[in-house]
Amino acid sequence: MCGIVGYIGNRDAKEIILDSLQRLEYRGYDSAGIALIDEKNHMVVQKEVGRIDNLRNEVYKYNGEVESQLGIGHTRWATHGRVNEQNAHPHCDSKKRFAIVHNGIIENYQVLRKILTDKGHTFSSETDSEVLVHLIEEFYKEEERNLQSAVVEALKVVEGTYGLAAICIDEPYKIVGARNGSPLVLGIGENEMFIASDVNAIMPYTKNVVYIEDKEVVVIKSEKFKTYTLDYQRIEKSITVVDWDVDAISKGDYETFMLKEIFEQPNAIVDALRGRVHARDGAVKFGGLDLTPEHAKNIDKVIITACGTSWHSALVGKYMIERFAEIPVEVDYASEFRYRNPVLGKNNLVIVISQSGETADTLEALREAKRKGAKVIGITNVIGSTIAKESDGGIYLHAGPEIGVASTKAFLNQLITLAMLAIYIGRLKNMPLYEGERLLEELALIPQKIAEVLEQADKIKEIALKYVHTTNFLYLGRGFNYPIALEGALKLKEISYIHAEGYPAAEMKHGPIALIDENMPVVFIAPKDSLYEKIMSNIEEVKARAGRVIVVTDLDDSVMRQKADDIIYVPSTIEEFSPMINIIPLQLIAYYIARAKELDVDKPRNLAKSVTVE
Ligand code: F6R
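Basis of the calculations
- Residues numbered from 1 in each chain as written.
- Predicted model: local features only at pLDDT ≥ 70, side-chain atom pairs only at ≥ 80, totals over all residues.
- Heavy atoms only, no water.
- Helix = DSSP H or I, 4+ residues; strand = E, 2+ residues; numbered from the N terminus.
- Polar contact = N/O pair within 3.5 Å; in protein donor to acceptor, adjacent residues only side chain to side chain.
- Contact = heavy atoms within 4.5 Å.
- Domains from an automatic or database assignment.
- Buried area = accessible area lost by both parts, 1.4 Å probe.
- Salt bridge = Lys/Arg side-chain N within 4 Å of Asp/Glu carboxyl O.
- Near = heavy atom within 4 Å.
- Areas by Shrake-Rupley, 256 points an atom, 1.4 Å probe, with all protein chains shown as cover.
- Nonpolar A, V, L, I, M, F, W, Y, C, P; charged D, E, K, R; others polar.
- Axes fitted to C-alpha atoms, helices over the stretch in contact; angles between N-to-C directions.
- Parallel < 35°, antiparallel > 145°, perpendicular 65-115°, else oblique.
- Left-handed = near helix turned anticlockwise from the far one by under 90°.
- Phe/Tyr/Trp six-rings, centres within 6.5 Å; stacked < 30°, edge-to-face > 60°.
- Buried < 20%, exposed > 50% of the residue type's maximum accessible area, 1.4 Å probe, protein only.
- Lys NZ or Arg CZ within 6 Å of the ring centre and 35° of its normal.
- Pairing = 2+ DSSP bridges.
- Right-handed = clockwise from strand over helix to strand, strands pointing away.
- Arc of directions from axis to C-beta.

J.: Is there a simple way to think about the environment of Thr573 in this case?
T.: Following the sequence through the fold, Thr573 ends up in the loop between β27 (566-569) and α19 (578-596). A C-alpha to C-alpha distance of 14 Å links Thr573 and Ile525, two positions 48 residues apart in sequence. Reaching out from Thr573, the side chain makes a polar contact with the side chain of Glu442 at a distance of 2.7 Å.

Structure below.
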């Protein structure tokens, strides 16, 4: 989704802003722009549709000579208004004295636009954001020259969400930022400051950051910053030191971030398990989980809510919690949960799962659960994200920064985290010690087993390449692996633009079987578990209709060899943990098909890494 960056200091602002915007590319965008205040205090604005490289070329072509130590930049993911230069940010008033970049949605923009137009303001874009800069112009008092108060007065009349940064040529030594519902972080350097919507943007420059909270305003100068409420009250903020290193956000020797992240999965899991799993005591320990043994014992229902890939991990989590902790679990799309009337009892536990910790629907679901008095655990990857902060207790995924838009390692770490959580609650309830020990010992073997699947990447690629020209795919799995069928199909759709459906295997005969013919590849996830024989019957049904069958299994079985067109063998584990292994070949199939189609897998069309609008 949209990204914000800003810089003030002694260095070349345009270079830092362009570089920071490039680090936000992974979030998904369709246009970008930059506004600089030059040495003569003129506002220099450049906006382009397409990639940051495009913007960079144009900035250097037309404004390469500009010397500026202060500026703001933006990557736009269109919501209101088409993808074109006019609608790209920064937006300026007609005299080009002010420039703003904005993430979020101004809900009452139409009314405000009408009022401002009647007062003589001329709008040059179709966006909701542009009203902000005209409001700032309107509220700016020449005699006071106080950009902060103009921004605050503007914010008092808007309804909606914002993360924004504003600059003014009459005060060419400050950036004013504000946040309500859209993330904003300040980076503190030596005699220089940064502002961004995502800490990844500024990581090469500083590790010292201050998270701006909702309804806070920050006034930034190169050597200091001050934070305020919307009522101009000062707020003291603490500095957080971010411990992600810069290598974590570079591709290294990999051709794409997605491939790097797929291959990072064994290590990412080790990071998630570290210090939490004590196999010999059958115990799991979580630092930030605010769940007493008494509360855990009394939980009578768990509701897990999430979106997209995180929703798929929630489904696996349901199977695990029901199996290990013997508590009924409901899984809800966050977008549905927030708009119905979820019935929550006093002993219900709500779990929200989000890689980014900023997904608007998931955040609102969390807030609705809290309004209803439920205890909420947040499972997130991004440290300091809004969901992490607003949850009663939380578990971090420790997957490291995930830059590829299609989630891979965060999904794996969600599965491992949910397994740990299920065992943790199970042990607080009825699970015997020996069972806790057995499960945790098996869990510790998963990274090595995933590494073994990754060793087969070349073979999986060979199989994938046979299906590059296919236009439809079906993914089928049962039990713990039904959500893996959904996730395999989603990965393929997202990055290769091939239509794919995931189904519980037994449901095929209730409809999708009508689609089966020689052009329909069907991926079966068929571990040797209690449902293996049943899956085998489903495979027979597909073969009887000339469908092409790709099987992911841990059993070398002569019957299967005769039936399947292609088989990918994976190491065995217990049924409950098999999703963690079976998803790996599906990620790789999607990846290699998309690459063979020469698609940009890290930035698939229309998708955003963090969906901060409804
Ligand atoms: C798919 C994908 C999305 C996200 C979804 C939720 O690969 O990444 O479906 O899973 O947008 O995002 P988070 O987990 O950040 O809340």
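Having seen the model, we can carry on.
J.: Looking at this structure, I do not really get the environment of Leu440. What am I missing?
T.: Positionally, Leu440 belongs in helix α14 (residues 433-454). When the C-alpha atoms of Leu440 and Ala279 are compared, they prove to be 5.1 Å apart, with 161 residues separating the residues in sequence. When sequence neighbours within four positions are dropped, the list of residues in contact with Leu440 reads Val277, His278, Ala279, Gly282, Ala283, Val284 and Ile423.

J.: What is the right way to read the domain arrangement of the protein from this model?
T.: When the parts of a complex come together, some accessible area is lost, and that lost area is often used as the size of the interface. What the domain assignment reports for the protein is domain 1 (3-243), domain 2 (257-451) and domain 3 (457-596). One C-alpha centre belongs to domain 2, the other to domain 3; they are set 26 Å apart. With 31 residues of domain 2 at the contact, the number on the domain 3 side is 28 residues. Across the domain 2/domain 3 interface, buried area totals approximately 2,600 Å², and carbon plus sulfur atoms make up 76% of it. For the interface between domain 2 and domain 3, the tally reads two salt bridges. One salt bridge in this structure joins Glu575 and Arg323, with 3.7 Å as the shortest N-O distance. Seen at the junction of domain 2 and domain 3, the total is eight residue pairs in polar contact (both at pLDDT 80 or more).

J.: Teacher, can you tell me more about the site of the ligand here?
T.: Of all residues adjacent to the ligand, which total 13 residues, the nearest are Ser310, Ser354, Gln355, Ser356 and Thr359. Here an oxygen atom of the ligand and a backbone polar atom of Gln355 are 2.7 Å apart. Between the ligand and Ser407 there is a distance of 2.9 Å, counted from an oxygen atom to a backbone nitrogen or oxygen. Expressed as a share of its isolated accessible area of 410 Å², the protein-covered part of the ligand is 90%. Within the residue set of the shell around the ligand, elements represented by two or more residues are α9 (308-324) and α16 (482-496). Of the residues that constitute the shell around the ligand, the class distribution is three nonpolar, eight polar and two charged.

J.: Before we go on, may I ask you to explain the packing of helix α3 (residues 109-118) against helix α4 (residues 130-139) in this structure?
T.: A packed helix pair is summarised by two numbers, namely the angle formed by the two axes and the spacing between the axes. Interhelical geometry of α3 versus α4 gives an angle of 45° and a closest axis separation of 10 Å. With respect to each other, α3 and α4 are oriented oblique. The element α3 and its partner α4 pack so that their crossing is left-handed. Packed against α3, whose contacting residues are Tyr109, Leu112, Arg113 and Leu116, the element α4 presents Val131, His134, Leu135 and Glu138 at the interface.

J.: How should I be thinking about the packing of aromatic side chains in this particular structure?
T.: For any pair of aromatic rings, geometry is given as the distance between the ring centres together with the angle between the planes. Counted according to the given criterion, the structure contains eleven aromatic pairs. Ring centres 5.0 Å apart and planes at 70° place the aromatic pair Phe98 and Tyr140 in the edge-to-face group. Within this pair, whereas Phe98 is found in strand β6 (residues 98-103), its partner Tyr140 is found in the loop between α4 and α5 (147-157), the two being separated by 42 residues in sequence. In terms of burial, Phe98 and Tyr140 fall into one category: buried. When the ring of Phe473 is compared with that of Tyr475, the centres are 5.9 Å apart and the planes differ by 35°; the resulting orientation is tilted. Accessibility assignment for this pair places Phe473 and Tyr475 in one class, buried. Through successive ring pairs, a cluster of aromatic residues spans Tyr7, Phe194 and Tyr205. Against the face of Tyr228 rests Arg234, its NZ or CZ located 5.8 Å from the ring centre. It is Arg605 that lies over the ring of Tyr497; its NZ or CZ is 3.9 Å from the centre.

J.: Would you take a moment to explain the pattern of salt bridges for this structure?
T.: Pairing is possible between side chains that carry opposite charge, provided their charged atoms lie close to one another. Applying the stated criterion across every chain, the model contains 43 salt bridges. Between Asp600 and Arg51 there is a salt bridge, with its nearest N and O atoms 3.0 Å apart. With a gap of 549 residues between them, Asp600 in the segment after α19 and Arg51 in the loop between β3 (43-49) and α2 (52-63) connect regions that are remote in the sequence. In this structure Arg51 comes out as partly exposed when scored by relative accessible area, which is 33%. Sharing partners across several salt bridges, the network here consists of Arg179, Asp214, Glu364, Arg367 and Glu390.

J.: Would you take a moment to explain the pairing of strand β25 (residues 521-525) for this structure?
T.: Regular strands place side chains that alternate from one sheet face to the opposite one. Across the five residues that make up β25, a large majority, five, are buried. Where burial is concerned, the two faces of β25 agree: the one with Pro521, Val523 and Ile525 and the one with Val522 and Phe524 are both buried. The pairing of strand β23 (residues 472-477) with β25 spans three bridges and is parallel. Across the sheet, residue Leu476 finds its bridge partner in β25, namely Phe524. Relative to strand β26 (residues 548-553), β25 is paired through five bridges, and the arrangement is parallel. Among the inter-strand pairings, Val523 is bridged to a residue of β26, identified as Ile550. In this view, the connection linking β25 to its parallel neighbour β26 by way of helix α17 (residues 532-543) has right-handed handedness.

J.: Can you walk me through the sheet that holds strand β20 (residues 348-354) in this structure?
T.: The pairing of strands in a sheet comes from backbone hydrogen bonds and takes either a parallel or an antiparallel form. With respect to topology, five strands assemble into an open sheet ordered β19-β18-β20-β21-β22, the strand pairing being parallel. Edge strands, defined here as strands with exactly one partner in the open sheet, are β19 (329-333) and β22 (393-396). The sheet shows a mean angle of 20° between the axes of neighbouring strands, taken without regard to direction. In the sheet, strand β21 (residues 375-380) pairs with β22 via four bridges, with the strands oriented parallel. In the sheet register, Thr380 faces β22, and the bridge partner there is Tyr396. Sheet strands in contact with α9 are β18 (301-306), β19 and β20, and its direction is about 175° off that of β19.

J.: Teacher, can you tell me more about α3 here?
T.: Taken as a whole, α3 has its buried residues at Tyr109, Leu112 and Leu116. In an axial view of α3, the angular spread of the buried residues amounts to 65°, which keeps them on one side of the axis. Seen from the open side of α3, the exposed residues pointing more than 90 degrees away from its buried face are Gln110, Val111, Lys114 and Asp118. Contacts made by the buried residues of α3 are with α4 and α5.

J.: What's the story with the sheet that holds β23 in this structure? I'm lost.
T.: As summarised here, the arrangement of the five strands in space is β24-β23-β25-β26-β27, forming an open sheet in which the pairing is parallel. Among the strands making up the open sheet, the edge pair consists of β24 (499-504) and β27. Pairwise comparison of adjacent strand axes, ignoring direction, gives a mean angle of 15° for this sheet. Across six bridges, the pairing between β23 and β24 is parallel. Across the sheet, the residue bridging to Tyr475 is Gly502, located in β24.

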